[in-house]
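Here is how the chains run, residue by residue.
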Amino acid sequence: MLIDGVQVAPGVKKSWSMPACDTCLGPESVPVTVVCGSKPGPTLAVTAACHPMELNGVVTSIRLAQELDPSELAGTVV
């Protein structure tokens, strides 16, 4: 899986900040975590914080990324 120039190999979990935009206060980025399963399968993208004050999705997506084990996953979760 290649996202934003970052390669994530099968069986690996990787996190980084992806540049998103420039604002009057400076550049902004978004956190990205990719869990690439050890077996091929579908890809699921999870997003959160699309609207202000919807913080429950942020907490849930962080917990999901922490709990997923790439060695037990078929497919990829972004």
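That block above? That's the structure.
These numbers were taken from a predicted model, which means no experiment stands behind them.

(A) Seen up close, the overall build of the protein chain. For the protein chain, the helix and strand inventory stands at one helix and six strands. For the protein chain, the α and β elements follow one another from N to C terminus as β-β-β-β-β-α-β. Per-residue burial over the protein chain gives 22% buried out of 78 residues. Within the protein chain, counting contacts between residues at least 6 apart in sequence, those at least 24 apart form 59% of the total. Counting only carbon and sulfur atoms, one obtains 61% of the accessible surface of the protein chain, whose full area is about 5,500 Å². In the protein chain, 4 positive and 7 negative side-chain charges are present, and the distance between their average locations comes to 10 Å.

(B) Inspection of a nonpolar patch on the surface at higher detail. A contiguous nonpolar patch, built from Leu44, Val46 and Leu64 and spanning about 220 Å² of accessible area, is present on the exposed surface. Within the fold, Val46 resides in the loop between strand S5 (39-44) and helix H1 (56-67).

(C) Structural view of the sheet that holds S5. In spatial order, the strands read S3-S4-S6-S5; together these four strands make up an open sheet with mixed pairing. The strands lining the two open edges of the sheet, one partner per strand, are strand S3 (12-23) and S5. Neighbouring strand axes in the sheet, compared pairwise and without regard to direction, differ in orientation by 25° on average. Pairing analysis gives three bridges linking S5 to strand S6 (residues 74-77), with the strands arranged parallel. Paired with Leu44 across the strands is Val77, a residue of S6.

(D) View of unusual backbone geometry. Positive phi, normally seen in glycine, also occurs at Asp4, with a value near 55°. As for its placement among the helices and strands, Asp4 is situated in the loop between strand S1 (2-3) and strand S2 (6-7). Its relative accessible area of 43% is what places Asp4 among the partly exposed residues. Despite not being glycine, Ala49 has its phi angle at roughly 65°, a positive value.

(E) A look at the nonpolar core. Counting seven residues, the largest nonpolar core consists of Ile3, Val6, Val8, Trp16, Val32, Val34 and Cys36. Each residue touching Cys36, except ones within four places of it in the same chain, is listed here: Met1, Val8, Ala9, Pro10, Gly11, Val12, Pro70, Gly75 and Thr76.

(F) The arrangement of the environment of Ala65 in detail. Topologically, Ala65 is positioned in helix H1. When the C-alpha atoms of Ala65 and Val8 are compared, they prove to be 14 Å apart, with 57 residues separating the residues in sequence. Once residues lying within four places of it in the same chain are set aside, the contact partners of Ala65 are Lys13, Thr33 and Val35.

Calculation rules
Chains are numbered independently. Their residues run from 1 in the order of the written sequence. The predicted origin of the model limits local features to residues at a pLDDT of at least 70 and limits the giving and counting of side-chain atom pairs to 80 or more, whereas totals for whole chains, interfaces and linings rest on all residues. Heavy atoms throughout the structure, all of them, feed into the side-chain values; hydrogens and water do not. Think of it this way: any DSSP run of H or I at least four residues long counts as a helix, any run of E at least two long counts as a strand, and we number them from the N terminus. Note on classification: 1.4 Å probe, protein chains only; a residue is buried when its accessible area is under 20% of the maximum for its type, exposed when over 50%, partly exposed between these limits. The criterion used for residue contact is that any of the two residues' heavy atoms lie within 4.5 Å. To measure how exposed things are, a 1.4 Å probe is used in the Shrake-Rupley method; for residues, cover is taken only from the protein chains shown. Charged residues are defined here as Lys and Arg on the positive side and Asp and Glu on the negative side; His and the ends of the chain fall outside this count. Here the site of a charge means atom NZ of a Lys, CZ of an Arg, CG of an Asp or CD of a Glu. Each patch is built from residues that are more than 30% exposed by relative accessible area and take part in no salt bridge. Like charges join if they lie within 9 Å; nonpolar side chains (Val, Leu, Ile, Met, Phe, Trp, Tyr) join within 5 Å. The term salt bridge refers to a pairing of a side-chain nitrogen on Lys or Arg with a carboxyl oxygen on Asp or Glu at a separation within 4 Å. In short, DSSP must find at least two bridges between two strands for them to pair. Comment: axis = line fitted to C-alpha atoms, over the contacting stretch for helices; angle = value between 0 and 180 degrees taken between N-to-C directions. Side-chain atoms within 4.5 Å are what join buried Ala, Val, Leu, Ile, Met, Phe, Trp, Tyr and Cys residues into a set we call a nonpolar core.

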